[in-house]
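Coordinate inspection notes
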Amino acid sequence: MPFVSIRMAGTASVEQKAGIVADVTASLVSRLGKNPAAVQVVIEEVSPENYGAGGVLIAHRDAPKPREDAHAVPSQ
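Report on the accompanying structure. Quick caveat, the model's predicted, so the values are computed rather than measured. (Residues numbered from 1 in each chain as written. Predicted model: local features only at pLDDT ≥ 70, side-chain atom pairs only at ≥ 80, totals over all residues. Heavy atoms only, no water.)

Further remarks concern the pattern of salt bridges. Counted according to the given criterion, the structure contains two salt bridges. Glu44 serves as the salt-bridge partner of Arg7, at 3.1 Å between the closest nitrogen and oxygen. Of this pair, Arg7 sits in strand β1 (residues 3-9) while Glu44 sits in strand β2 (residues 40-46), and the two are 37 residues apart along the sequence. According to the relative accessible area criterion, Glu44 is partly exposed, its value standing at 37%. Across the pair Glu45 and Lys17 runs a salt bridge whose closest N-O atoms are separated by 3.2 Å. (Salt bridge = Lys/Arg side-chain N within 4 Å of Asp/Glu carboxyl O. Helix = DSSP H or I, 4+ residues; strand = E, 2+ residues; numbered from the N terminus. Buried < 20%, exposed > 50% of the residue type's maximum accessible area, 1.4 Å probe, protein only.)

What follows is the structure, encoded as structure tokens:
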């Protein structure tokens, strides 16, 4: 019985998760000949505040950067 665990930073809609489950199941059926009823898929959504990569929290990496105003007069 195949068991697939997927962890992802952030969230996905129910429709997106349903598509992931269908795609993963179809792949195991076509590539390994598994019975689709036996394939189990778990999707775990991890908050970006609780996940890091490359030494940086995903929440910080994906945060919008402050824009510099090209027309601002530099302070003297």
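The structure having been displayed, the exposition proceeds.
Let us now look at the side chain of Thr25. When you line up the elements, Thr25 lands in helix α1 (residues 14-32). With relative accessibility at 14%, the residue Thr25 sits in the buried group. What Thr25 contacts, discounting residues up to four positions off in sequence, is Pro36, Val39 and Val41. (Contact = heavy atoms within 4.5 Å.)

Turning next to the environment of Ala22. Mapped onto the elements, Ala22 comes out in helix α1. Distance in space between the C-alpha atoms of Ala22 and Pro36 is 9.4 Å, their sequence separation being 14 residues.

Function cannot be read off these values alone, since they describe shape.
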